[in-house]
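One-letter residues, chain by chain:
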Amino acid sequence: MSKVMKNIEVTWEWSGTDKYALKGFNVALTPNELGNEHPNNDAVAFSKTGKEKFEHRFYNLMLDKDINYTAWVQPIFEGKDGDWLSANGWKAIDDGTNTIESISGSQAKANTAESNAKNYSDSNSMIDGIAVGGILKSDIKINRVWADTSDNEGEVSYNPSNSVFIHPNGSKFTFNMFKHTETGLEGGYIHGGNWRYLAFVGSDTSRFQNATDGDNQIMSIFYQSGKWYYDDNSSLNQFTPNENDCIIAKIEGDSSGITKLTRYALRNAETEEGSQAKANAAQSNAENYAENQANNAKNHADTVANLAEERATRTATNQYQSMGALSPRVAMRSGVITYVVYEDNTVIKKNNTVVKSELAKNSTGTISVNTGDILTTNNPVGMRGTLGYSTAPLCLASYEKMFYSDRFANHTIYLYAPYGDTEIKYKLGSYNFTNPNQILTVSQGTVRRMTLTAEGLHRFKADMPIVAVKVGNGGDQVLLMPLAKEVLMSANPDNSRLFDGSGIATNNNGYYSADNIFSTTAIGDGSGSDSEQGVPYTACADTYMIDHAITGYTVIAIEPCEIKVTAGTGGAEYAIHNFSDASRDNPKQFHIGESTGSGTTLFSGKAPWRFTGTAPFYLRTNTPNAREYPVLGYRQNLRSIYQDSTADATSQAINEIHSQIELTPTHLRAIDRAGNETIKVDSIGKLSANTANGNVNLDGAGLTVNNGKIDVNTAGNSVNINNQGIKITESGGDYSLLSGSGIDFYKNGSQVPSKYARRVIAGIATDGTYINLNFDKTPKVITSIKSLRSYTYQDGSGVRHDDKNQSYISYASEVTKNGFRVHGKSIIEGVPEYHDIADYGLSSVEAWVSNNTKPYTNQLSVTFIPKYKLTLISSYHYEYTASFFYAVEYISSDGVVHTYTMDGFYDTKKQPYSQGDFKAGDPITFTMSDLPEDTYKIRVRIYDFTLGGLVVTKWSAVNNKRIATGEVNYIIVEGGE
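Residues numbered from 1 in each chain as written. Predicted model: local features only at pLDDT ≥ 70, side-chain atom pairs only at ≥ 80, totals over all residues. Heavy atoms only, no water.

Where do I start with the overall build of the chain in this structure?
A tally of regular secondary structure across the chain gives seven helices and 76 strands. When each of the 977 residues of the chain is scored for burial, the buried share is 41%. Contacts in the chain between residues at least 24 apart in sequence constitute 68% of all its contacts with a sequence separation of at least 6. Carbon and sulfur atoms make up 46% of the accessible area of the chain, which amounts to about 50100 Å² in all. (Helix = DSSP H or I, 4+ residues; strand = E, 2+ residues; numbered from the N terminus. Buried < 20%, exposed > 50% of the residue type's maximum accessible area, 1.4 Å probe, protein only. Contact = heavy atoms within 4.5 Å. Areas by Shrake-Rupley, 256 points an atom, 1.4 Å probe, with all protein chains shown as cover.)

What am I meant to see in empty space enclosed by the protein here?
Taken as a whole, this structure holds five cavities of 30 Å³ or more when the rule is applied. Approximately 140 Å³ is the volume attributed to the largest cavity. Around the largest cavity, the lining comprises 18 residues; the ones closest to its centre are G382, M383, S390, M545 and L632. Ranked by residues supplied to the lining of the largest cavity, first place goes to strand β30 (residues 381–385) with four residues. (1 Å grid on protein atoms, 1.4 Å probe; cavity = no way out; pocket = protein on both sides within 12 Å on 5 of 7 lines; lining within 4 Å. Points joined across faces, edges and corners; volume = space filled by probe spheres on them.)

Is there a simple way to explain a nonpolar patch on the surface in this structure?
Nonpolar side chains collect at one region of the surface, where V719, I721, I726, I728 and L738 lie side by side and expose about 350 Å² of accessible area between them. Among the elements of the structure, β59 (717–722) and β60 (725–729) are those that each provide at least two residues to the nonpolar patch. Along the chain, V719 falls in strand β59. We classify V719 as partly exposed; its relative accessible area is 30%. (Patch = residues over 30% accessible without salt bridge, like charges linked within 9 Å, V, L, I, M, F, W, Y side chains within 5 Å. Salt bridge = Lys/Arg side-chain N within 4 Å of Asp/Glu carboxyl O.)

It is not clear to me how the side chain of K401 should be interpreted in this structure. Could you clarify?
For K401, the position within the fold is in strand β32 (residues 398–405). Within polar-contact distance, the side chain of K401 engages the side chain of S398 at 3.1 Å. In contact with K401, other than residues within four places in its own chain, are L396, H458, R459, F460, I466, A468, L480, M481, P482, L483 and F499. (Polar contact = N/O pair within 3.5 Å; in protein donor to acceptor, adjacent residues only side chain to side chain.)

For this particular structure, what's the right way to read the pairing of strand β39 (residues 484–488)?
Side chains on a regular strand alternate between the two faces of the sheet. One ladder, built from four bridges, connects β39 with strand β41 (residues 511–518); its direction is antiparallel. Residue V487 lies in a different strand from β41, and its bridge partner there is Y512. As paired strands, β39 and strand β44 (residues 535–536) are joined by two bridges and run antiparallel to one another. Its bridge partner being in β44, V487 is matched across the sheet by P536. (Pairing = 2+ DSSP bridges.)

So what exactly am I meant to see when it comes to the packing of aromatic side chains here?
Between two aromatic rings, the relevant description is the distance of the centres plus the angle of the planes. What the rule picks out here adds up to 37 aromatic pairs. Geometrically, the ring pair formed by Y574 and W609 is edge-to-face, given 5.1 Å between the ring centres and 80° between the ring planes. With Y574 in strand β48 (residues 572–579) and W609 in strand β50 (residues 609–622), this residue pair connects regions lying 35 residues apart in the sequence. On the basis of relative accessible area, Y574 is assigned to the buried category, the value being 0%. Assessed through its relative accessible area of 0%, W609 is described here as buried. Considering the side-chain rings of W609 and F611, the 6.4 Å spacing of their centres and the 25° angle between planes classify their relative orientation as stacked. Summarising the burial analysis for this pair, W609 and F611 share the class buried. Grouped by ring-pair contacts, the aromatic residues Y553, Y574, F590, F603, W609, F611, F885 and Y943 constitute a single cluster. Its end group placed over the ring of F603, K606 keeps NZ or CZ at 4.4 Å from the ring centre. (Phe/Tyr/Trp six-rings, centres within 6.5 Å; stacked < 30°, edge-to-face > 60°. Lys NZ or Arg CZ within 6 Å of the ring centre and 35° of its normal.)

Would you take a moment to explain the confidence of the model for the chain for this structure?
Any residue range with low pLDDT should be treated as having predicted coordinates unsuitable for detailed reading. Within the chain, residue pLDDT values average 79, and 77% of them lie at 70 or more. Low pLDDT (under 50) marks residues 269–275, which in the prediction has five contacts with non-local residues, meaning those over four places away or in another chain. Note on residues 647–659: pLDDT under 50 across the span, and 17 contacts to partners over four residues away in sequence or across chains. (pLDDT = per-residue confidence, 0-100.)

Help me understand the nonpolar core in this model?
Note on soluble globular proteins: their nonpolar side chains tend to be buried together. Core analysis: the largest hydrophobic core is formed by 76 residues, its most contacted members being Y553, Y574, W609, F611 and L619. It is β50 that provides the largest number of residues to this core, a total of six residues. Beyond its immediate chain neighbours, meaning those up to four positions away, F611 contacts D542, T543, Y544, I546, Y553, K564, V565, F617 and L619. (Core = buried A, V, L, I, M, F, W, Y, C linked by side-chain atoms within 4.5 Å.)

Sorry if this is basic, but what is going on with unusual backbone geometry here?
Excluding glycine, residues mostly have negative phi values, and the peptide bonds linking residues are mostly trans. The omega torsion of the bond from A409 to N410 falls at 5°, within 30 degrees of zero and hence cis. Inspection of the secondary structure assignment puts N410 in the loop between β32 and β33 (411–416). You will see that Y856, though not glycine, has its phi angle at about 65°, which is positive. Mapping Y856 onto the fold places it in the loop between β68 (847–849) and β69 (857–872). Here Y856 falls in the partly exposed class, since its relative accessible area comes to 35%.

Whenever I open this one, the sheet that holds strand β26 (residues 346–350) confuses me. Can you help?
Within a sheet, adjacent strands bond to each other through the backbone by hydrogen bonds, running parallel or antiparallel. Sheet architecture is open: five strands sit in the order β27-β26-β29-β24-β31, paired in antiparallel fashion. Since the sheet does not close on itself, it has two edges, and those belong to β27 (353–359) and β31 (392–393), each with one partner. For strand β24 (residues 329–330) and strand β29 (residues 374–377), the ladder comprises two bridges, and the chain directions are antiparallel. Its bridge partner lying in β29, V330 is registered against I374.

Please clarify how the pairing of strand β65 (residues 806–816) should be interpreted in this entry.
Looking at chain direction, strand β64 (residues 787–791) and β65 are connected through four bridges and run antiparallel. Note that in β65 the partner of L788 across the bridge is Y808. Of the strand pairs in this sheet, β65 and strand β66 (residues 819–828) are connected by nine bridges, and their pairing is antiparallel. Counted as the bridge partner of A812 is V822 from β66.

How should the sheet that holds β41 be read in this particular structure?
Strands sit in the order β40-β41-β39-β44 across an open sheet of four strands; the sheet is antiparallel. The two strands at the open ends of the sheet, each matched to only one other strand, are β40 (506–508) and β44.

Got a minute to help me understand the pattern of salt bridges in this structure?
Where charged atoms of side chains with opposite charge meet at close range, the side chains can pair. In this structure the tally under the stated criterion is 16 salt bridges. Ionic pairing is found between D734 and K747, a salt bridge with its closest N-O pair at 3.0 Å. Note that D734 is positioned in the loop between β60 and β61 (735–739) and K747 in the loop between β62 (742–746) and β63 (754–755), a separation of 13 residues in sequence. The exposed category is assigned to K747, whose relative accessible area is 53%.

What exactly am I supposed to notice about the environment of N959 here?
Considering the arrangement of structural elements, one finds N959 in strand β75 (residues 949–959). Classification of N959 by relative accessible area gives buried; the value is 12%. When near neighbours in sequence (up to four residues on either side) are disregarded, N959 contacts G830, K854, P855, Y856 and T857.

Can you help me understand the environment of T453 in this one?
Residue placement: T453 occurs in the loop between β36 (447–452) and β37 (456–472). Residue T453 is classed as exposed on the basis of its relative accessible area of 59%. Along the primary structure T453 and T412 are separated by 41 residues, whereas in three dimensions their C-alpha atoms are 8.9 Å apart.

Would you explain the environment of K470 in this entry?
Within the secondary structure layout, K470 lies in strand β37. Taking the C-alpha atoms as reference points, K470 and L452, separated by 18 residues in sequence, lie 10.0 Å from one another. If sequence neighbours within four positions are ignored, K470 has contacts with F403, H411, T412, I413, D476, Q477, V478 and L480.

Would you take a moment to explain the side chain of H548 for this structure?
Mapped onto the secondary structure, H548 falls in the loop between β45 (541–546) and β46 (552–557). A polar contact is formed between the side chain of H548 and the side chain of Y629, at a distance of 2.9 Å. Beyond its immediate stretch of four places on either side in the chain, H548 contacts R384, A607, W609, T621, N622, T623, P624 and Y629.

Here it is, written out as structure tokens:
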């Protein structure tokens with residue numbers, strides 16, 4: 001029987017509904033000889049594909065001529081695989097163009113074929129002195145017993161039970177295994193490791209007297225410390241291999257029995273004449289197959305290793321520490337996780353199995369977890385455990401951890417290694433890890449515990465990033481943060497020492513910094529029995545959610561930002577914090593309510609809470625049972641990058657391999673599957689790339705693309721670069737042309753360009769001021785009056801009266817992309833007109849509103865004084881506290897309410913004696929300038945109240961008296977500075 005080489009294309013249809021859970025497809029080909037072939041055991045070709053295309057092509061397959069074959073497809077889901085589905089049979093037909101070898105054509109090579117094949121086998125198919133492979137004309141069935149008649153975990157049976165085994169050295173043995181092989185991998189009792197080889201040892205069974213059930217032609221064997229052992233289902237017994245022993249398969253298992261079988265022996269035996277005729281082709285194909293398999297295995301291993309290293313490096317260099325609400329999270333202890341959902345259509349998976357789907361925005365709920373469970377989401381989700389701290393995200397893995405304790409020993413440290421096996425050294429009090437107090441090895445993907453019996457400063461150092469949680473005996477449960485050079489924390493820490501012991505961090509209003517890495521730990525906030533750690537600024541987010549009602553919160557910013565706070569399922573606005581002047585030199589911190597978690601809930605107990613900032617900031621609160629914790633969120637600008645990086649990059653990388661890479665001393669080149677050279681870099685530094693649409697060459701002469709032309713076309717738009725310049729065309733046909741003379745704009749079909757204003761600058765200057773420019777060409781300049789006094793009034797005594805001065809003014813208002821309003825007039829300049837009012841106090845959720853101003857008002861101001869409420873805190877000491885949220889607004893003549901500011905006020909003053917039930921604070925004035933001329937009212941209101949209040953004392957308005965109006969010249973420029 002001759003063989004033919006074929007390219008086989010398999011296509012299928014997929015109508016499954018859960019496209020999200022689908023990871024791809026397995027595709028296989030099997031021969032139809034016995035009628036019971038299965039792709040897991042008898043495939044002559046096997047491949048894994050992605051999920052986007054329902055087709056796959058096998059290239060250069062060696063197939064038996066005129067033998068029926070079956071194509072199989074199996075969907076792959078997270079955590080499990082679907083059923084194999086097969087198509088109708090087909091034959092590999094010899095069309096004369098792809099025949100590899102006929103029987104008569106191979107006769108001339110028969111004399112050398114046997115020795116060549118044997119030499120190849122001897123040199124390439126040995127494991128620690130035992131041959132590998134051979135031909136066993138029986139199926140190998142795992143977790144089956146007694147001629148495949150019943151299930152039994154950890155045992156192997158054979159069908160048919162009597163056949164032939166042919167050793168790679170050519171020896172032929174009668175095979176009779178009516179019973180089974182007991183492997184020692186029975187569930188719950190595995191000794192000596194979780195894998196075994198299955199070996200044919202039938203040439204001398206006297207070596208295996210301890211084997212059970214009497215069938216000992218195939219034994220379960222194990223190599224350890226330079227010696228071979230066989231497993232008699234209760235222990236490992238040493239034996240000495242001989243030249244006729246042969247490893248036919250490898251099995252792996254766990255507590256459920258055998259989970260994986262890798263078969264080395266071929267399934268279908270050949271006649272001596274047939275095998276002799278194919279020997280030469282077999283040698284060549286085997287060499288190519290072995291080389292390809294080795295390269296594929298290496299590429300796969302390198303891909304996985306590179307991904308793990310890249311993920312570990314990204315984490316260790318802090319790139320994604322702020323992505324806690326999107327990061328995979330690990331359950332460090334068994335219990336219940338509480339979650340809050342940021343967006344609609346959210347899915348939560350536990351160990352790659354969907355446990356919550358189609359969750360709505362602002363919804364909350366719980367999930368039961370066991371230690372080591374991994375939780376993943378497609379959208380941001382907040383999670384915390386019953387002990388208060390946020391569920392540990394893998395993005396907070398780091399090489400060093402540190403915390404301080406002075407109570408609740410013994411402390412249990414839960415440690416998880418997400419990226420690789422690691423050794424963790426622990427040191428109490430000292431940075432010197434030469435003689436650590438403890439050393440613990442943690443395998444990748446497992447949670448281990450370390451017990452600490454002493455109090456003090458605890459340091460941990462690992463050789464791969466780790467996630468860690470600390471639980472005290474009775475309190476102080478903390479998610480251990482990465483160490484950093486910048487840390488934010490609202491509480492006063494009990495320790496902020498540097499990891500290397502060289503000093504302590506500097507504090508500036510909750511912003512801690514140092515030249516070396518450190519952490520901060522605060523023990524207790526006056527209520528409950530918990531502690532907390534400061535958050536590295538690299539781990540601070542700009543978007544957070546809290547699943548529960550709160551009695552207070554604290555935010556800290558070290559960059560200019562505005563923070564919007566909403567609460568409730570409808571997202572009712574609670575506050576807007578304006579930190580426009582925040583910086584590292586001027587950190588801004590705001591606190592409202594109780595820091596201990598006790599007291600009255602804010603905003604009538606609404607939940608969940610959402611905090612959104614224009615820059616990263618720190619957020620801290622308490623759980624309903626007074627456990628303090630920093631909230632974890634995510635940074636919006638990193639979202640798409642982070643989610644791309646955490647996708648199944650390994651499968652993607654493997655599925656997208658469509659070419660081979662060739663590296664020699666003279667060149668590096670890539671070749672596609674059709675054999676075309678696509679990229680080449682030679683020894684003199686020349687890069688050439690060839691595609692179906694042209695070529696690219698980069699050498700000492702520069703970059704050449706398509707003979708001097710570059711064309712890029714995407715979604716109806718195009719970019720063309722040639723000797724005329726750079727042309728960018730929109731989908732409607734309008735285009736711009738950038739050349740050495742400048743940039744011109746053309747409408748579709750027109751040859752008349754619209755010139756571009758190279759620079760546009762607007763400004764205001766006083767008479768005689770010289771405006772410095774550094775332009776390439778002389779500009780056109782147009783001036784107009786913004787404000788020019790035309791008359792200053794003095795009475796007969798020479799006294800000026802500012803309320804009678806006259807000016808010309810011209811300006812634009814209500815400027816948008818749709819239009820603007822022009823103003824040009826002469827006026828009598830207005831001055832503030834003050835209105836003192838009987839002190840109007842606000843001490844609950846209520847408002848004060850002024851009278852109407854005069855027409856043409858363009859400036860308002862209002863002043864109030866905070867009011868502090870007396871609280872007796874001991875026999876001789878008193879405390880005055882003000883805590884409320886307020887809004888300052890103005891109402892235009894059309895009834896529209898405009899918010900000037902919304903903010904919170906919190907302050908406490910201690911006194912040695914009582915000064916009455918209330919105490920006044922310092923006046924606070926707000927001035928609203930450059931308003932459109934109108935009639936206004938001012939409104940001051942308290943919209944959330946805890947203690948104290950405010951008293952409105954005065955307000956003012958400025959209105960100009962209009963003398964005459966006139967015409968205004970205007971020029972409109974779109975774009976520019």
